[in-house]
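Understanding the architecture of this molecule
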Amino acid sequence: MRVTINGGGEGLRESLGSVVDVVPGDDKDATLIVTVGEEPLSAAAAHSEQRPVVPVGLDAAWSPSCEALPELLASLADRSVPTVDARPLVVSVDGAQSTAAFDTTLVTSEPARISEYAVSVGSRPHAAFRADGVVIATPLGSHGYTRAAGGPQLAFGTGLAVVPIAPFATIADTWVVEPPLSVSVERETAVSVFADTEGIATGQSGLTVDIETAPPLAVVDHRRL
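Residues numbered from 1 in each chain as written. Predicted model: local features only at pLDDT ≥ 70, side-chain atom pairs only at ≥ 80, totals over all residues. Heavy atoms only, no water.

**A look at the overall build of the protein**
Per the secondary structure count, the protein includes four helices and 17 strands. Taken over the C-alpha trace, the protein has a radius of gyration of 19 Å; the compact-globule value for 225 residues is 17 Å, and the two agree within 12%. Projected onto its principal axes, the C-alpha coordinates of the protein cover approximately 60 × 30 × 30 Å. When the 225 residues of the protein are sorted by exposure, 48% land in the buried category. (Helix = DSSP H or I, 4+ residues; strand = E, 2+ residues; numbered from the N terminus. Rg over C-alpha atoms; globule rule 2.2 N^0.38 Å. Buried < 20%, exposed > 50% of the residue type's maximum accessible area, 1.4 Å probe, protein only.)

**Examining the packing of aromatic side chains**
Aromatic ring pairs are reported here in terms of the distance separating the ring centres and the angle at which the planes meet. Tallied over the full model, the rule gives three aromatic pairs. Aromatic ring contacts, followed pair by pair, group Tyr117, Phe129 and Trp175 into a single cluster. (Phe/Tyr/Trp six-rings, centres within 6.5 Å; stacked < 30°, edge-to-face > 60°.)

**Considering the packing of helix 1 (residues 10–17) against helix 3 (residues 69–76)**
Packing of helix 1 against helix 3 brings their axes to within 9 Å, and their N-to-C directions diverge by 40°. Considered as vectors, helix 1 and helix 3 are oriented oblique to each other. In terms of crossing hand, the pair formed by helix 1 and helix 3 is right-handed. Mapping the contact onto sequence places Leu12, Ser15 and Leu16 in helix 1 and Leu69, Pro70 and Leu73 in helix 3. The residue inventory of the contact of helix 1 with helix 3, partitioned by class, reads five nonpolar, one polar and no charged. (Axes fitted to C-alpha atoms, helices over the stretch in contact; angles between N-to-C directions. Parallel < 35°, antiparallel > 145°, perpendicular 65-115°, else oblique. Left-handed = near helix turned anticlockwise from the far one by under 90°. Contact = heavy atoms within 4.5 Å. Nonpolar A, V, L, I, M, F, W, Y, C, P; charged D, E, K, R; others polar.)

**Comments concerning empty space enclosed by the protein**
Applying the stated criterion to the full structure yields one cavity of 30 Å³ or more. Counted as a void, the largest cavity has a volume near 50 Å³. As for the largest cavity, its lining consists of Ala45, Ser48, Glu49, Gln50, Pro88, Ala214, Pro215, Pro216 and Leu217. Class assignment for the residues of the lining of the largest cavity results in six nonpolar, two polar and one charged. (1 Å grid on protein atoms, 1.4 Å probe; cavity = no way out; pocket = protein on both sides within 12 Å on 5 of 7 lines; lining within 4 Å. Points joined across faces, edges and corners; volume = space filled by probe spheres on them.)

**Quick word on the environment of Gly122**
Inspection of the secondary structure puts Gly122 in the loop between strand 9 (115–121) and strand 10 (124–137). Look at Gly122 and you get partly exposed, because its relative accessible area is 42%. Note: C-alpha distance between Gly122 and Glu212 (90 residues apart in sequence) is 9.8 Å. Not counting chain neighbours up to four residues away, the residues in contact with Gly122 comprise Pro180 and Leu181.

**Brief notes about unusual backbone geometry**
A cis geometry characterises the amide bond from Pro179 onward to Pro180, with omega recorded as 5°. Of note, Pro180 is situated in the loop between strand 12 (175–177) and strand 13 (181–185). Of note, the phi angle at Ala166 is positive, near 50°, even though the residue is not glycine. A positive phi is found at Asp196, a non-glycine position, where the angle reads about 55°.

**Section: the environment of Val81**
Here Val81 lies in the loop between helix 3 and strand 5 (84–86). For Val81, a relative accessible area of 26% puts it in the partly exposed group. Through-space distance from the C-alpha of Val81 to that of Arg13 is 20 Å; in sequence the pair is 68 residues apart. Setting aside chain neighbours within four positions, we find Val81 in contact with Met1, Leu32, Pro52, Leu76 and Val220.

This is how it looks when you write it as structure tokens:
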């Protein structure tokens with residue numbers, strides 16, 4: 001098995017060298033991609049990676065630790081690689097597009113400011129609320145900021161989590177919806193839009209963010225081994 005590693009240090013590469021054939025990142029014959037941390041996985045989504053990906057070192061039950069990786073890869077050496085489909089997001093704002101493996105966030109540009117957001121699923125109005133922001137997460141991203149904001153952790157193959165950030169309400173709802181969806185800003189308050197950690201737009205009332213899913217990443221969920 002030829003494996004390329006994106007992220008991590010030389011120590012990880014050395015520990016894996018006795019188990020698999022570790023090749024440079026530009027080697028087109030690599031059959032498996034290991035990503036260490038969030039940024040390499042975001043990059044894999046942005047480049048529509050077609051090969052199986054093992055996301056390592058994330059705070060999620062499906063992500064193995066670096067220490068467990070040698071044993072995991074050894075178990076894959078003589079068998080087909082079991083994967084699940086993890087669909088990134090295609091985020092469109094004012095005709096421009098970006099990709100997010102984990103989540104899309106709309107949040108007021110100035111601290112301690114509140115705005116109002118309207119969510120539509122398909123072409124149907126779904127919810128409206130006042131909050132500091134809103135985050136829309138894939139199953140890959142539901143273990144992160146969405147979880148900290150009070151959202152659910154999603155299983156692969158389910159929908160998207162829509163979670164208000166610091167909502168202006170005593171009881172705050174969260175939703176799991178099927179894409180496509182859109183989120184619009186309903187107040188004259190500056191709001192910034194992020195795809196994962198990349199800032200992609202800023203606007204006020206009338207700003208609309210359209211969200212749909214991209215072709216899937218084939219992710220190795222080590223719990224299935």
